[in-house]
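Listed below are the residues making up each chain.
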Amino acid sequence: METLSYEFEINASSQKIWDILWSEATYSEWTKFFGSDSVMKSDWKVGGRTLFVNSKGDGMVSTIDSLKEPHQIVFKHLGMILNGIEDLHSKEIMEWSGAQEKYFLTDLGSKTKLHVEVQVDDKWKDDMDKGFIKGLSLVKELAEK
């Protein structure tokens, strides 16, 4: 497992960037680089249930480990859903279950530093790297409009 890290200085408030990252209207826009129809469904509770899925309902089962809106959110990935079947315990899942995806927004006066860390299996490194670089660049572009 490797931790990838991304950092952007954005000419916008933490709240505006937070809203672009997590609102239904823009989440699918910046995550299209991972999948064209990605949505996030969450109860927004620490220890609750968060799903990152496509239009078929396939995707990742996660929880929120830490939440301090609009400055921090840490997701812990627990398993997958494929063809309506949730898998939290197979050998393949257990190899990466518990991997974290962290977002930190730090106020810098008139700017905000967006720092993202994601733990990934080596076989997904290039895809995740391309997706996050393109996706977070779009977050910056949207926030600075």
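Residue positions are given per chain, counted from 1 along the sequence in the order it is written. Reporting in this predicted model follows two pLDDT cut-offs: at least 70 for local features of residues, and 80 or more for side-chain atom pairs to be given and counted; totals over whole chains, interfaces and linings ignore these cut-offs and use all residues. Excluded from the side-chain calculation are hydrogens and water; included are all heavy atoms of the structure.

Under an unreviewed UniProt entry, the protein chain has the name SRPBCC domain-containing protein and belongs to Elizabethkingia bruuniana. UniProt's Sequence similarities (unreviewed entry) comment on the protein chain is quoted here verbatim: "Belongs to the AHA1 family." UniProt positions are given in the numbering used here, feature names are shortened, and annotations may be inferred rather than shown by experiment.

Colleague: Residues and numbers for the overall build of the protein chain, please.
Modeller: Each helix and strand in the protein chain was counted, giving four helices and eight strands. Under the scheme used here, helices are H or I runs from DSSP no shorter than 4 residues and strands are E runs no shorter than 2 residues, and both carry numbers assigned from the N terminus. Mapped in sequence order, the helices and strands of the protein chain form the string β-α-α-β-β-β-β-β-α-β-β-α. Computation of the radius of gyration draws on C-alpha atoms, with the globule rule given as 2.2 Å multiplied by the number of residues to the power 0.38. The C-alpha atoms of the protein chain give a radius of gyration of 15 Å, which matches the 15 Å a tight globule of 145 residues would have. Burial classification: accessible surface area is computed with a 1.4 Å probe over protein chains only, and a residue below 20% of its type maximum counts as buried, one above 50% as exposed, and the rest as partly exposed. Buried positions account for 40% of the 145 residues belonging to the protein chain. Contacts were defined at the residue level, with two residues in contact if any of their heavy atoms lie within 4.5 Å. Of the contacts formed within the protein chain by residues at least 6 apart in sequence, a portion of 53% connects residues at least 24 apart. Areas reported here follow the Shrake-Rupley algorithm with a probe of radius 1.4 Å; residue values treat only the protein chains shown as occluding. Counting only carbon and sulfur atoms, one obtains 50% of the accessible surface of the protein chain, whose full area is about 8,000 Å². Across the protein chain, 18 positive and 25 negative side-chain charges occur, with their mean positions spaced 2 Å apart. All tallies of charge rest on Lys and Arg as positive and Asp and Glu as negative; His and the ends of each chain are not included. Charged groups are reduced to one reference atom each: NZ for lysine, CZ for arginine, CG for aspartic acid, CD for glutamic acid.

Colleague: Account for the UniProt feature "domain: Activator of Hsp90 ATPase homologue 1/2-like C-terminal" (unreviewed entry) in the protein chain, naming residues and giving values.
Modeller: Under the feature "domain: Activator of Hsp90 ATPase homologue 1/2-like C-terminal" (unreviewed entry), the UniProt entry names residues 11-118. Structurally, residues 11-118 comprises 19% helix and 45% strand, and the distance from its first C-alpha atom to its last is 23 Å.

Colleague: Outline the side chain of Ser62, listing residues and values.
Modeller: As for its position among the elements, Ser62 is in strand β4 (residues 59-68). Accessibility expressed as a relative area gives 1% for Ser62, which makes it buried. A polar contact of 2.6 Å, which involves the side chain of Ser62, links it to the side chain of His77. Discounting chain neighbours no more than four positions away, the residues touching Ser62 are Gly48, Arg49, Thr50, Phe52, Lys76, His77 and Leu78. Any pair of N or O atoms that falls within 3.5 Å is considered a polar contact. Within protein, one atom must be able to donate a hydrogen and the other to accept it, and sequence-neighbouring residues count only if both atoms are side-chain atoms.

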